[in-house]
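Each chain is listed here by its residues.
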Amino acid sequence: MEYLNPGRAPYTAQDRALIGTEHARQARAHFRAHPAYRPTPVHTLPGLAGTRAVHVKDESGRMGLGSFKALGGAYAVHLLARRDGPGVTFVCASAGNHGISVAAGAREAGAACVVYLSHDVPEAFARRLRGLGAEVRRDGGDYEAAMAAAEQAAREPGRRLVADSSWEGYTDVPLEVMRGYTLLFDEVAESALEAPTHVFVQAGVGGLAAAAAGYVRDRWGEQPKIVVVEPEGAPCLIESARAGRPVRVQGSRTTLGRLDCREPSLIAHRLLSHLADLYTTITDDQAADAARLLAGHGVALSDCGAAGAAGLLALTDGTRAAIGLDDTSRVLLLGTEGPVEPK
C-alpha cells in the first residue's frame, strides 16, 4: 500500500518549535557528557535499489543498548529527574527497546523504574531490563494492554509515566523523547555525506519518523523526500493520513513487533501529516528479505531495523517516478536496531 501525501506543506516556525536542529544540538550537548556516547557509523552501499547510493545509519551499537531508542527514553528521564528531584519512580510500557532506554536512564539518575511488557515480548528483553535494575511486569497480550497497565500504575503518587507516544493531555514527555532522537540525524548532517535526496524511516507510533521529518526540513529544506514505512499489519499512520485525523486501526498479526502499533502518536501524526511526502507499507517477508540483503553487505540488523530498506526496495515504478527516485538519488536509511535474540 502506497499513499502520496496530498497534505504536504512547508515546514513552519510552529514545527520548528516542536522539532528542529536546535533540539538536536541540545540533545547532543547532553549526551556528549555520557561516557558511552559515540556517533554511530553510516554504511554506504553504492547503487543499491537503482540509486546513486544508499546510506544506512547503523544504530545497532548505540551506547551499548542496541537501538536508536537509547537516545529517547533516557534523555526524557534525565530531564525529568533534573526537574523533579530524587524519589521519582519512572514507569513505562515497551515492546523492548524503549523500556531499555528508560531503565538505563533511571539507573544513571539513581531512580527506580518499572517496565510493563505484554506477554508476547521476547524474554530476552525482560532479562536485559532486569539487568539494568528495572522491575519488569507482564500484563496483557499486546502493547496496548501493557500501555494501559503502565498508565494506571503511573497514577500512583511518586510515579512518572515516560511514554514514547502522545495523546490529548499527554505531550510534553513524549516530545522530549522525540527530541532525543534528533541527535542521530545531527550526526549524519555533520558527517562528510552530501545531503540526502530521500529519507526512508520506519514507524510504529511515528516518533522517530516525525523527528526525522522535523530535522530534515529544518536542516535541508523542502527538497528531500520523506517516506514513512509501516508494517502491513499495523498501518496506523497511513490510515490516519488518509482520514486526516489520528485513527486506531484493527490491523493484523505481524512479526515486526516493535513496529506493531495500532494508534499513532498525536504529535507524530500532526507533524507527518504535512511534512511527509509518502507513506508505504511492507510485509513481514519483505522486511526479512531486506535484513538478509543488508547482512550480505555487512550491515547486521533485525527485520524491524531493516524496515526502511524494505520500503525502498518494495516501491512501485510509478511511485519511484512520483518522488523522483532514480540513479542520481542519495537515500538515507535508518538501521534502527541490531539483530534481536529469539524468545
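Attention here is on the structure that accompanies the text. All values derive from a computational prediction rather than experimental measurement.

Procedures and definitions
- Residues numbered from 1 in each chain as written.
- Predicted model: local features only at pLDDT ≥ 70, side-chain atom pairs only at ≥ 80, totals over all residues.
- Heavy atoms only, no water.
- Pairing = 2+ DSSP bridges.
- Helix = DSSP H or I, 4+ residues; strand = E, 2+ residues; numbered from the N terminus.
- Core = buried A, V, L, I, M, F, W, Y, C linked by side-chain atoms within 4.5 Å.
- Buried < 20%, exposed > 50% of the residue type's maximum accessible area, 1.4 Å probe, protein only.
- Contact = heavy atoms within 4.5 Å.
- Expected span 1.5 Å × (residues − 1).
- Axes fitted to C-alpha atoms, helices over the stretch in contact; angles between N-to-C directions.
- Parallel < 35°, antiparallel > 145°, perpendicular 65-115°, else oblique.
- Nonpolar A, V, L, I, M, F, W, Y, C, P; charged D, E, K, R; others polar.
- 1 Å grid on protein atoms, 1.4 Å probe; cavity = no way out; pocket = protein on both sides within 12 Å on 5 of 7 lines; lining within 4 Å.
- Points joined across faces, edges and corners; volume = space filled by probe spheres on them.

1. Notes on the pairing of strand S2 (residues 42–46)
Then, in step 1: Where S2 meets strand S3 (residues 53–58), five bridges bridge the pair, whose relative direction is antiparallel. Directly across from Pro46, in S3, lies its bridge partner Ala53.
Then, in step 2: Count of turn residues in the S2/S3 antiparallel hairpin: six residues, of which Gly47 carries a positive phi of about 75°.

2. Overview of the nonpolar core
Then, in step 1: By size, the foremost hydrophobic cluster in this structure holds 87 residues, and its most contacted members are Phe90, Tyr116, Val162, Phe185, Leu272 and Tyr279.
Then, in step 2: A per-element tally of this core places helix H7 (residues 172–189) first, with ten residues.
Then, in step 3: Every residue in contact with Phe90, bar those within four places of it in the chain, is listed here: Val77, Leu80, Ala81, Val102, Ala106, Ala111, Ala112, Cys113, Val114, Arg160 and Val162.
Then, in step 4: In this structure, Leu45, Ala310, Leu312 and Val331 belong to the second largest nonpolar core, which totals 28 residues.

3. A short note on helix H8 (residues 207–220)
Then, in step 1: Compared with the 20 Å implied by 1.5 Å per residue over 14 residues, the 20 Å span of H8 between its first and last C-alpha is a close match.
Then, in step 2: Burial analysis of H8 places twelve of its 14 residues in the buried class, the great majority of the element.
Then, in step 3: Within the sequence span of H8, burial applies to Gly207, Leu208, Ala209, Ala210, Ala211, Ala212, Ala213, Gly214, Tyr215, Val216, Arg217 and Asp218.
Then, in step 4: Two residues or fewer past H8, Gly221 is found with a positive phi of approximately 85°.

4. Examining the packing of helix H2 (residues 21–31) against helix H3 (residues 73–84)
A pair of packed helices can be characterised by two numbers: the angle between their axes and the separation between those axes.
Then, in step 1: Where H2 contacts H3, the axes come no closer than 11 Å and their chain directions differ by 80°. The orientation of H2 relative to H3 falls into the category roughly perpendicular. On H3, the residues that touch Gln26, Ala27, His30 and Phe31 of H2 are Tyr75, His78 and Arg82.
Then, in step 2: For the contact of H2 with H3, the class distribution of residues is three nonpolar, three polar and one charged.

5. Details of the layout of surface pockets
To find leftover empty space, a probe the size of one water molecule is rolled over the atoms.
Then, in step 1: Empty space within the largest pocket amounts to approximately 1000 Å³.
Then, in step 2: Surrounding the largest pocket, 45 residues form its lining, Ala95, Leu256, Gly257, Arg258 and Leu259 being those nearest its centre.
Then, in step 3: If you list the elements that add at least two residues to the lining of the largest pocket, you get helix H4 (97–109), helix H6 (143–154) and H8.
Then, in step 4: Among the elements that make up the lining of the largest pocket, the one with the highest residue count is H8 (three residues).
Then, in step 5: Of the residues assigned to the lining of the largest pocket, the class counts are 16 nonpolar, 16 polar and 13 charged.
Then, in step 6: Put simply, the second largest pocket is a space of about 290 Å³.
Then, in step 7: If you trace the second largest pocket, you find 17 residues lining it, with Met147, Ser165, Trp167, Glu263 and Pro264 closest to the centre.
Then, in step 8: Here the lining of the second largest pocket gets five residues from one element, more than from any other, and that element is H6.
Then, in step 9: Looking at the lining of the second largest pocket residue by residue, the class counts come to nine nonpolar, two polar and six charged.

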